[in-house]
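The primary structure of each chain is shown beneath.
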Amino acid sequence: MANTFKLEVITASELFYSGEIEMVVVRTLLGEEGFMAGHSWACKLLDTGVMRIQESEEKDVKWAAISKGYIDVKDYVVVYTDLAERAEDIDVEDAEKDKAEAESYISINESNCNTDADVEKLAQARAKLKWAEARLKVAESLK
Amino acid sequence: MASNNMQDIKRRIKSINSTEHITSAMRLVSAAKLRKAKTTFDKTTEYFHFITGSMEEIFSNTKEVPDRYIEGNREIKKTCYIIISSNKGLCGSFNANVIKETEHNLVNDAKEEAVFVAIGSKGRDYFKKREREIIGSYMEPPEIITFKDVVEISAPILKQYEDGEIDRIVLIYTSFVNNLEQKPKTVQLLPFRSEQFAAAGDIQSEEMPKMANQVEYEPSIEDVFGYLVPKYVEIVLFGAVIESATCEHAARRIAMENATDNAREMLDKLSLFYNRARQASITNEIIEVVSGTQAQN
């Protein structure tokens, strides 16, 4: 049996996940990264993306979409994220709608961003798109 | 004369009776609200403990924290006080305690300029009347403040801190001891006091003296702390708002309970007076009748 460690995933509104696990894979700002027991201590910022949790003595990997945050790796691991959604809770239609909306906004407005407000709106749309994509990807894992 | 007095007492009994009805109803309402707020509070402290714990451990490693977040690296000229009070009165000394605590702080740091951010109208009104500069206020009832609202409240304050317009951020709120006791509390959010996280640091250094220097930061130390510090402030602030809301209900419940008890006590006394006055008037009448018949004989 592989070594396990304690993982806690916390959002602003709840304790999202807590348990003994073998491995967690998250998307850091520099790319996807997996953490197993005995990893050297680290503190990394996370991007919007998919989080995969390999629980001990479970075959299946648990998927969840998370949006921004940080991971604190010590003898145990704490993940803080602004938003988190489990695969089974994701509303695919809603995510697809968000994705389409964000895509159309970006394609229309990308070339004419003049004010700071425009730039910010575009960044918001991009974040929305990323979040929708992450959610769709996670939802797909159930199929 | 006597009947006049009796009527007065009767009127007072009636008015106190209705006061008693109101206060006891309010007591029940705040007891229910307190229970609800307490559940939220317990839930949030449970998981916020993990996150503040984890952040404090990171911050305890002071060598890595950028200088601008550590006390002693810049002169403190302007302090921003974040004051969490309630929107409604009738909660005993709840607001007065917070204000007293703030005034106490102001006296201690009299040399510094002070600006205020008020969450809850009672605190805002008090400092507005005293012509203090209020740079932000949030007036929604504390139960419905969400994390997003807290982010919006803290964003301008954090920006001013980063820009050097504010040199210190102090949070004053009511902390929950138990259902009967709440204490005003002052927390310095920024800059960090070096002893603030010493406790978390001690555990770490005893267990793994060398590990502390080997933490990997990604993408860079600067970025990590640039993200973590504001998050920490937001989370602590959010926790304080929830705690303060719980305290408000607890304080109101006690205030209303006392008011109900007092009203009942007063009713007892008044009904005694009323009966006495009634008895006195009866005695008077009898004396009049008796002395009347005696005079005839």
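Counting from 1, residues in each chain are numbered in the order their sequence is written. Ligands are numbered from 1 and chains lettered from A, in the order in which they are written. Thresholds applied to this predicted model are a pLDDT of at least 70 for local features of residues and 80 or more for the giving and counting of side-chain atom pairs; totals over whole chains, interfaces and linings are not thresholded and use all residues.

Undergrad: Just checking my understanding: could you explain the overall build of chain B for this structure?
TA: Numbering of helices and strands starts at the N terminus; helices are DSSP runs of H or I of at least 4 residues and strands are runs of E of at least 2. From N to C terminus, chain B includes six helices and six strands. Counted from the first residue to the last, chain B has its helices and strands arranged as α-β-α-β-α-β-α-β-β-α-β-α. For 297 residues, the compact-globule estimate of 2.2 N^0.38 gives 19 Å, and chain B exceeds it by more than 25% at 29 Å. For chain B, the spread of C-alpha atoms along the principal axes amounts to about 115 × 40 × 30 Å. In chain B, which comprises 297 residues, the proportion classed as buried is 31%. Considering only contacts within chain B whose residues lie at least 6 apart along the sequence, 78% involve residues at least 24 apart. It is over C-alpha atoms that the radius of gyration is taken, and the globule rule equals 2.2 Å times the number of residues to the power 0.38. Residues with at least 20 neighbouring C-beta atoms inside 10 Å of their own are called buried, those with 12 or fewer are called exposed, and the rest are partly exposed, where every C-beta is derived from the backbone. By the convention adopted here, residues make contact when the C-beta atoms placed from their backbones lie within 7 Å.

Undergrad: I keep staring at the interface of chain B and chain A and nothing clicks. Help me out?
TA: Many authors give the size of an interface as the accessible area that is lost as the parts come together. Facing the 18 residues of chain B at the interface are 19 residues of chain A. Those elements giving two or more residues to the side of chain B that touches chain A turn out to be α1 (2-60), β6 (216-218) and α6 (221-296) of chain B. For the side of chain B that touches chain A, the element with the highest residue contribution is α1 of chain B, accounting for six residues. Grouping the constituent residues of the side of chain B that touches chain A by class yields twelve nonpolar, two polar and four charged. Note on pairing: two strands pair once DSSP finds at least 2 bridges between them. Pairing geometry for strand β4 (residues 42-46) of chain A and β6 of chain B, over three bridges, is parallel. Bridge assignment links Ala42 of chain A to a residue of β6 of chain B, and that residue is Glu216 of chain B. The residue classification treats Ala, Val, Leu, Ile, Met, Phe, Trp, Tyr, Cys and Pro as nonpolar and Asp, Glu, Lys and Arg as charged. All others, Gly included, are polar.

Undergrad: Whenever I open this one, the domain arrangement of chain B confuses me. Can you help?
TA: Residues and elements named next belong to chain B. For every domain, the bounds stem from an assignment made automatically or drawn from a database. Along its sequence, chain B is carved into domain 1 (2-27 + 254-287) and domain 2 (28-57 + 65-194 + 223-253). Here domain 1 and domain 2 have C-alpha centroids that lie 44 Å from each other. Where the side of domain 1 that touches domain 2 is concerned, the elements lending two or more residues are α1 and α6. In terms of residue class, the side of domain 1 that touches domain 2 is made up of five nonpolar, one polar and two charged.

Undergrad: Just to check I follow, could you spell out the domain arrangement of chain A for this structure?
TA: All names here are of chain A. The domain architecture assigned to chain A consists of domain 1 (5-87) and domain 2 (90-140). Here domain 1 and domain 2 have C-alpha centroids that lie 24 Å from each other. Looking at the side of domain 1 that touches domain 2, the elements that each hand over two or more residues are β5 (49-55) and β6 (61-67). With four residues, the top contributor of residues to the side of domain 1 that touches domain 2 is β6. For the side of domain 1 that touches domain 2, a count of residues per class yields five nonpolar, three polar and one charged.

Undergrad: Honestly, the pairing of strand β2 (residues 15-28) of chain A in this entry has me stumped. Any pointers?
TA: Consecutive side chains of a regular strand alternate in pointing toward one face of the sheet and then the other. Residues and elements named next belong to chain A. Examined bridge by bridge, strand β1 (residues 5-10) and β2 share six bridges and lie antiparallel to one another. Bridging across to β2, Lys6 finds its partner in Glu20. Where β2 meets strand β3 (residues 31-36), six bridges bridge the pair, whose relative direction is antiparallel. Bridging across to β3, Arg27 finds its partner in Glu32. Linking two consecutive strands that pair antiparallel, namely β2 and β3, is a turn of two residues.

Undergrad: Explanation requested: helix α2 (residues 116-140) of chain A in the structure shown.
TA: Residue and element names in this part refer to chain A. With 25 residues, α2 ought to run about 36 Å at 1.5 Å a step, and its terminal C-alpha atoms sit 36 Å apart, in line with that. Residues of α2 that are buried include every one of Ala125, Trp131, Ala132, Ala134, Arg135, Val138 and Ala139, and no others. Check the buried side of α2 and you find it contacts β5, β6, β9 (83-86) and α1 (92-109). Helix span, expected: 1.5 Å multiplied by one less than the number of residues in the helix.

Undergrad: Honestly, the sheet that holds strand β4 (residues 168-178) of chain B in this entry has me stumped. Any pointers?
TA: Through backbone hydrogen bonds, the strands of a sheet pair up, either in parallel or in antiparallel fashion. Residue and element names in this part refer to chain B. Spatial strand order, β3-β2-β1-β4-β5: five strands in an open sheet with mixed pairing. A single partner strand is all that each edge strand has here, and the edge strands are β3 (133-138) and β5 (181-190). Strand-to-strand twist of the sheet, defined as the mean angle between neighbouring strand axes without regard to direction, takes the value 25°. In terms of strand pairing, strand β2 (residues 113-119) meets β3 through five bridges, oriented parallel. Residue Ala118 lies in a different strand from β3, and its bridge partner there is Ser137. Angles here are taken between N-to-C directions and fall from 0 to 180 degrees, while the axes themselves are lines fitted to C-alpha atoms, restricted in helices to the stretch in contact. Sheet strands in contact with helix α2 (residues 94-108) are β1 (78-84), β2, β4 and β5, and its direction is about 140° off that of β4. On top of the sheet, helix α4 (residues 147-163) reaches β1, β2, β3, β4 and β5; it is set at about 155° to β3, its chief contact.

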